[in-house]
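Chains, contacts and geometry: an overview
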Amino acid sequence: MPSSGFHSNGFSLVRKVFPNFEEEFEGKPLYETLLVPTRLYYKDIHKVLEEVKVSGIAHITGGGLYENVPRIIPEGLCASIDESKIRIPSVMLELEKRGGVKREEMHGTFNMGVGMVIVVDAEHAEKVLHLLDDAYEIGEITEGAEKIDLKF
């Protein structure tokens with residue numbers, strides 16, 4: 001499920017890279033983009049839990065996908081995530097560019113547009129996507145020693 005922005009994670013770096021929150025970004029002051037309230041997921045998660053068996057849920061906070069997804073992956077399995085499927089917000093791409101931050105580090109610090117990860121059996125994926133208007137698939141669970149494999 002998409003995030004609504006940085007969700008208050010990594011703002012020390014955000015302030016360093018964007019020292020002037022009054023600057024224009026995509027036709028409006030940057031602070032309007034940076035201060036979008038954190039999305040709350042309770043209603044969406046509850047809707048999914050009522051309809052399908054969920055194998056795991058990870059809120060993508062500080063530490064990004066790298067720290068949060070492995071917490072819900074059992075030993076011997078791996079969340080194989082295709083980075084090209086992630087809808088990265090333009091403000092995060094701008095921070096990456098201006099700050100000279102490597103993509104892997106961006107994924108280790110920020111949610112990169114992924115606010116919540118829900119793991120369900122493949123047979124339920126389409127139903128979940130139908131229940132959640134803006135959700136999208138970013139990967140699959142495979143066998144593997146590493147609990148996460150973010151493919152660039």
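Provided above is the structure to which this section pertains.
Residues numbered from 1 in each chain as written. Predicted model: local features only at pLDDT ≥ 70, side-chain atom pairs only at ≥ 80, totals over all residues. Heavy atoms only, no water.

**Things to note about unusual backbone geometry**
Rule in force here: Segments assigned H or I by DSSP are reported as helices when at least four residues long, segments assigned E as strands when at least two residues long, and all are numbered from the N terminus. Burial classes: relative accessible area under 20% of the type maximum marks a residue as buried, over 50% as exposed, and values in between as partly exposed (1.4 Å probe, protein chains only).
The phi dihedral of H7 falls on the positive side, at around 55°, and the residue is not glycine. Relative to the helices and strands, H7 is located in the segment before α1 (11-17). Judged by relative accessible area, which is 8%, H7 ranks as buried.

**Quick notes on the environment of F11**
Turning to its location among the elements, F11 is positioned in helix α1. C-alpha separation for the pair F11 and I60, spaced 49 residues apart in sequence, amounts to 15 Å.

**Here we look at the layout of surface pockets**
In this approach the atoms are scanned with a rolling probe the size of a water molecule, which exposes any empty space left behind. Stated precisely, the cut-off is as follows: Grid points spaced at 1 Å over the protein atoms alone were grouped into cavities, where a 1.4 Å probe fits but cannot get out, and pockets, open sets with protein on both sides within 12 Å along at least five of seven lines, with lining residues defined by an atom within 4 Å of a point. Grid points are joined across faces, edges and corners, and a volume is the space filled by probe spheres set on the points.
Looking at the largest pocket, its volume works out to about 650 Å³. What lines the largest pocket is a set of 29 residues, among which I118, V119, V120, E137 and G139 lie closest to the centre. Those elements that place two or more of their residues in the lining of the largest pocket are β4 (77-82), β5 (116-120), α7 (125-131) and β6 (139-143). Top element by residues in the lining of the largest pocket is β5. It accounts for five residues.

What is shown is where atoms sit, not what they do.
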